[in-house]
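# Remarks on the overall topology
One-letter residues, chain by chain:
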Amino acid sequence: MLKIITSTIFMFITTISYGAKINFITSLSKAKKLAKEENKIIFVDVMADWCLPCKMMINDIEKDEKVVAYFNENFINLKINEKYNRLFIQTYGVISYPTILFLDHEGNIIENFMGYRGIDYLYQNVQRIGNHNNMIQNLTNDTIITMFDEKVFIQKLSPIIEKMNPRNVRVMMNWFIDKGAPYTKPILINFPTFINPEVFTKLYKDLNGSKDLILTEALIICHLLPYEPFQNNDEIRNGSMEVAKITGLHHTKILSYALAYREFNISHHLGLSIEQAKLVNAKNLLNNYPETSDTELLSLAFTEIVKTTVKEDFDYYKTLQKTFVDITTSSQEYTHYDILSVLQYANGHHDQYSLSIAKANELARSKGIKFSPLLKDLRVYLD
């Protein structure tokens, strides 16, 4: 009797229908064609005939006419039955049912979810994905490509990815990289932790990245400081030798940059920083790689040194001053002149530091940056 009741309930759940229906098609090629024509994302319901949660999820969705209308209006809806679409299952690595995929018109995964999802969760996420798609389409239309502004592109993209989980950010970054210029370089530079190191290395060579310090430093971050796992010092040291072969930089420069970057940009902000390690990494950066293009990192490291190094260490300050005098002969970075001004003040060259501040201010103003001299905050540690 229990088996009969259970079977009856199962048949009721799997056959019950509501007035509103999602307009599913069953051909991936047709879905991609429609997605391209209508500028929409493809919503894919990957299901199995034997999967009760698959049927329950779609039944839950179709209870709400508002949700069904949103799917039909904003997506190309594709139903994939695992029984008849083994190639699709293998291609997209589907391992559980139901699986929900969101694809672009070329069939690339934008986001995916595994397992049964409640109606509220699904609706919130499909709205987010739909809105993000509209924003991305605005970022990648012909007008913007013709008048491409890298800074504006990154400013508009950053808030979109802040709301996405890391796995889906990686998918999106690879999607942009696949589109090629003009997106490749700004994606590599601004989101290196989400790029596969092998992919980054190939693109780095294609772009002749060894002549671009900013791109080189993004490559270092990609290889040595990926989003996960959080690599330890030994792994970073070993990795720096490999990256040296790719970039042509000496491995001590790479190591100094990577450890300082981790200390000031990751550990420090997570409240995990060790003061002694911070000082050691700051000194190593300034001693081994003061010409870095990452001037914000350089400024943070220098500030740490001034705050913690006794002012009587004149030999160290004199050595650093000579280094930055050499750098500023060709540099157009205001940070280099700003640091030089502090060193000149510390070494008693009061006739020179004001000229360096003036030059720093000039360079900052030319880039539209509001400049506040380091010396204003660090003088108290030097007097």
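Here's what I pulled together on the structure shown here. (Residues numbered from 1 in each chain as written. Predicted model: local features only at pLDDT ≥ 70, side-chain atom pairs only at ≥ 80, totals over all residues. Heavy atoms only, no water.)

Let us now look at the overall build of the chain. If you tally the helices and strands in the chain, you get 20 helices and 5 strands. Within the chain, buried positions represent 47% of all 383 residues. By element, 54% of the accessible surface of the chain is carried by carbon and sulfur atoms, the whole surface being about 20100 Å². (Helix = DSSP H or I, 4+ residues; strand = E, 2+ residues; numbered from the N terminus. Buried < 20%, exposed > 50% of the residue type's maximum accessible area, 1.4 Å probe, protein only. Areas by Shrake-Rupley, 256 points an atom, 1.4 Å probe, with all protein chains shown as cover.)

Let us look at the nonpolar core. The biggest cluster of nonpolar side chains holds 73 residues, and the ones touching the most others in it are Leu157, Met173, Ile187, Phe200, Leu286, Phe302 and Phe324. If you tally residues by element for this core, the top one is helix H14 (residues 251-267), at 8 residues. Setting aside chain neighbours within four positions, we find Phe200 in contact with Leu188, Pro192, Ile195, Leu215, Ala218, Leu219 and Cys222. (Core = buried A, V, L, I, M, F, W, Y, C linked by side-chain atoms within 4.5 Å. Contact = heavy atoms within 4.5 Å.)

We now examine the side chain of Asn112. Within the fold, Asn112 resides in strand E5 (residues 109-114). Beyond its immediate stretch of four places on either side in the chain, Asn112 contacts Ile100, Leu101, Arg167 and Asn168.

What helix H20 (residues 374-382) keeps buried is the set Leu374, Leu375, Leu378 and Leu382. Within H20, the buried residues cover an arc of 80° as seen down the axis, which keeps them to one side. Along H20, the residues that are exposed and aim more than 90 degrees away from the buried face are Lys376, Asp377 and Val380. Against the buried residues of H20 lie helix H16 (295-308), helix H17 (314-328), helix H18 (334-346) and helix H19 (350-366). (Arc of directions from axis to C-beta.)

This part is about the state of the cysteines. Counting across every chain of the model gives 1 disulfide. Each sulfur of the disulfide joining Cys51 and Cys54 lies 2.4 Å from the other. Here Cys51 and Cys54 share a disulfide; its torsion about the S-S bond, 85°, makes the bridge right-handed. Given a relative accessible area of 4%, Cys51 falls into the buried group. (Disulfide = S-S within 2.5 Å.)

Attention now goes to the sheet that holds strand E1 (residues 24-25). Judged by pairing direction, the sheet is mixed, and its 5 strands sit side by side in the order E1-E3-E2-E4-E5 without closing on themselves. The outermost strands of the open sheet, each flanked by one partner alone, are E1 and E5. Where E1 and strand E3 (residues 75-81) come together, 2 bridges link them in parallel fashion. Bridged to Phe24 within E3 is Asn77. Helix H2 (residues 28-38) contacts E1, strand E2 (41-47), E3 and strand E4 (99-103) of the sheet and is inclined by roughly 170° relative to E3. Contacting E2 and E3, helix H4 (residues 65-74) crosses the sheet at an angle of about 100° to E3. (Pairing = 2+ DSSP bridges. Axes fitted to C-alpha atoms, helices over the stretch in contact; angles between N-to-C directions.)

This part takes up the pairing of E5. Regular strands place side chains that alternate from one sheet face to the opposite one. Pairing between E4 and E5: 5 bridges, direction antiparallel. Bridge pairing links Thr99 to Met114 in E5. Linking E4 back to E5 in an antiparallel pair, the connection comprises 5 residues, with Gly107 at a positive phi of about 90°.

Bringing the pattern of salt bridges into the picture now. Scanning the entire structure with this criterion turns up 14 salt bridges. Among the salt bridges present, the one from Glu62 reaches Lys21, with a minimum N-O distance of 3.4 Å. Taken together, the positions of Glu62 in the loop between helix H3 (52-61) and H4 and Lys21 in the loop between helix H1 (2-15) and E1 put the pair 41 residues apart, joining distant regions of the chain. Given the relative accessible area of 5%, Glu62 is considered buried. Given the relative accessible area of 40%, Lys21 is considered partly exposed. (Salt bridge = Lys/Arg side-chain N within 4 Å of Asp/Glu carboxyl O.)

Axis separation between helix H12 (residues 213-224) and helix H13 (residues 233-247) bottoms out at 10 Å; the angle between their running directions is 140°. Considering the relative orientation of H12 and H13, their crossing is right-handed. For the pair H12 and H13, contact is made by Thr216, Leu219, Ile220, His223 and Leu224 and by Ile236, Gly239, Ser240, Val243, Ile246 and Thr247, respectively. (Left-handed = near helix turned anticlockwise from the far one by under 90°.)

Most of E3 sits inside the fold, with 6 of its 7 residues counted as buried. Bridge count between E2 and E3: 7 bridges; the pairing is parallel. Across the sheet, the residue bridging to Met47 is Asn81, located in E3.

This part covers the packing of H18 against H19. Remark: H18 packs on H19, axes separated minimally by 8 Å, with the N-to-C direction vectors making an angle of 165°. On the basis of the axis angle, H18 is roughly antiparallel to H19. In this structure, the crossing between H18 and H19 has a hand that is left-handed. Each of Tyr334, Tyr337, Asp338, Leu340, Ser341, Gln344 and Tyr345 in H18 lies in contact with H19, whose residues at this interface are His350, Gln352, Tyr353, Ser356, Ile357, Lys359, Ala360, Leu363 and Ala364. Residues of the contact of H18 with H19, tallied by class, amount to 9 nonpolar, 5 polar and 2 charged. (Parallel < 35°, antiparallel > 145°, perpendicular 65-115°, else oblique. Nonpolar A, V, L, I, M, F, W, Y, C, P; charged D, E, K, R; others polar.)

Take the environment of Phe153 next. Mapped onto the elements, Phe153 comes out in helix H8 (residues 150-161). Phe153 sits 33 residues away from Pro186 along the chain, and the two C-alpha atoms are 8.5 Å apart.

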